[in-house]
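# Summary of the model geometry
Letter by letter, the chains look like this.
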Amino acid sequence: MNADTPEFLVACLCAAWCGTCRDYQPGFHALAARFPAARFLWIDVEDDADLVDDYDVENFPTLLIQRGDTVLFFGTMLPHLDLLQRTLESFHTQTPEESRHHAHADPLRRSWQTERNLRRALADRNT
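Read on for an overview of the structure. None of the values given here were measured: they were computed from a predicted structure.

This part takes up the overall build of the protein chain. Looking only at helices and strands, one finds six helices and four strands in the protein chain. Going from the N terminus to the C terminus, the protein chain shows its helices and strands as β-α-β-α-β-β-α-α-α-α. On C-alpha atoms alone, the protein chain measures out to a radius of gyration of 14 Å, which is about the 14 Å that the 2.2 N^0.38 rule sets for 127 residues. Seen through its principal axes, the protein chain has C-alpha atoms that stretch 40 × 30 × 30 Å. Here the protein chain holds 127 residues, and the buried ones make up 46% of them. A separation threshold of at least 6 residues defines the contact pool for the protein chain, and within that pool the share at least 24 residues apart is 70%. Looking at the protein chain as shown, the accessible area adds up to about 7000 Å², and 49% of this sits on carbon and sulfur atoms. Averaging the coordinates of the 12 positive side-chain charges in the protein chain and doing the same for the 20 negative ones gives two points 6 Å apart.

As structure tokens, then:
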């Protein structure tokens, strides 16, 4: 990762037709200001189907959080910004080694490392 790439990536996978997503979006973008070491992305699962079609998004909002190439979280999160904020604060307090340990602590999280690596998908899309 180069110096211009934020350490954390926080992506919200939603849909334009989803009222919950529309209500959540302004706060999600406002939260980005509190975490300057993170890149926040709003990804519409229909507009960006080529990017996330294999991600099995069943409910909204679905969040994906990475530290470098390590996927720390992938799943539905209640649309309460304080919950996302606490989650991000928790991940920010971890050392990179603790994050890697967290990401490989169970079979589901281990599968995210290859199946849900959004940084890799974005890089592949841009090549």
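Still more ground to cover, so stick around.
It is worth spelling out the pairing of strand β1 (residues 8-14) at this point. Buried residues dominate β1, accounting for seven of its seven residues. Burial of β1 is two-sided: the residues Phe-8, Val-10, Cys-12 and Cys-14 facing one way and the residues Leu-9, Ala-11 and Leu-13 facing the other way are all buried. Assessed by its sense of winding, the connection that carries the chain from β1 through helix α1 (residues 19-32) to strand β2 (residues 38-44) is right-handed. When β1 meets strand β3 (residues 62-67), the two strands line up antiparallel, connected through six bridges. Bridging across to β3, Cys-12 finds its partner in Leu-63.

Next up on the list: helix α4 (residues 96-103). Every buried residue belonging to α4 is among Ser-99, His-102 and Ala-103, and all of these are buried. Along the axis of α4, the buried residues cluster in a sector spanning 95°; they form a single face. Residues of α4 that are exposed and point over 90 degrees away from its buried face: Glu-97 and His-101.

Inspection of the secondary structure puts Gln-94 in the loop between α3 (81-93) and α4. The exposure class of Gln-94 is buried, given its relative accessible area of 16%. A distance of 2.7 Å separates polar atoms of two side chains, one belonging to Gln-94 and the other to Ser-99.

Moving on: the sheet that holds β1. Strand-to-strand pairing in sheets goes through backbone hydrogen bonds, with the strands running parallel or antiparallel. Pairing is mixed across the open sheet formed by four strands, whose spatial order is β2-β1-β3-β4. Each edge of the sheet is formed by a strand with only one pairing partner; in this case those strands are β2 and β4 (70-76). For this sheet the average axis-to-axis angle between neighbouring strands, irrespective of direction, equals 15°. Across six bridges, β3 lies against β4 in antiparallel orientation. When the bridges of β4 are listed, Leu-63 appears paired with Gly-75.

Here is what the cut-offs are and how they apply
- Residues numbered from 1 in each chain as written.
- Predicted model: local features only at pLDDT ≥ 70, side-chain atom pairs only at ≥ 80, totals over all residues.
- Heavy atoms only, no water.
- Helix = DSSP H or I, 4+ residues; strand = E, 2+ residues; numbered from the N terminus.
- Rg over C-alpha atoms; globule rule 2.2 N^0.38 Å.
- Buried < 20%, exposed > 50% of the residue type's maximum accessible area, 1.4 Å probe, protein only.
- Contact = heavy atoms within 4.5 Å.
- Areas by Shrake-Rupley, 256 points an atom, 1.4 Å probe, with all protein chains shown as cover.
- Lys, Arg positive; Asp, Glu negative; His and termini not counted.
- Charge placed at Lys NZ, Arg CZ, Asp CG, Glu CD.
- Right-handed = clockwise from strand over helix to strand, strands pointing away.
- Pairing = 2+ DSSP bridges.
- Arc of directions from axis to C-beta.
- Polar contact = N/O pair within 3.5 Å; in protein donor to acceptor, adjacent residues only side chain to side chain.
- Axes fitted to C-alpha atoms, helices over the stretch in contact; angles between N-to-C directions.

Everything listed here is a matter of coordinates, which is why it stays silent on function.
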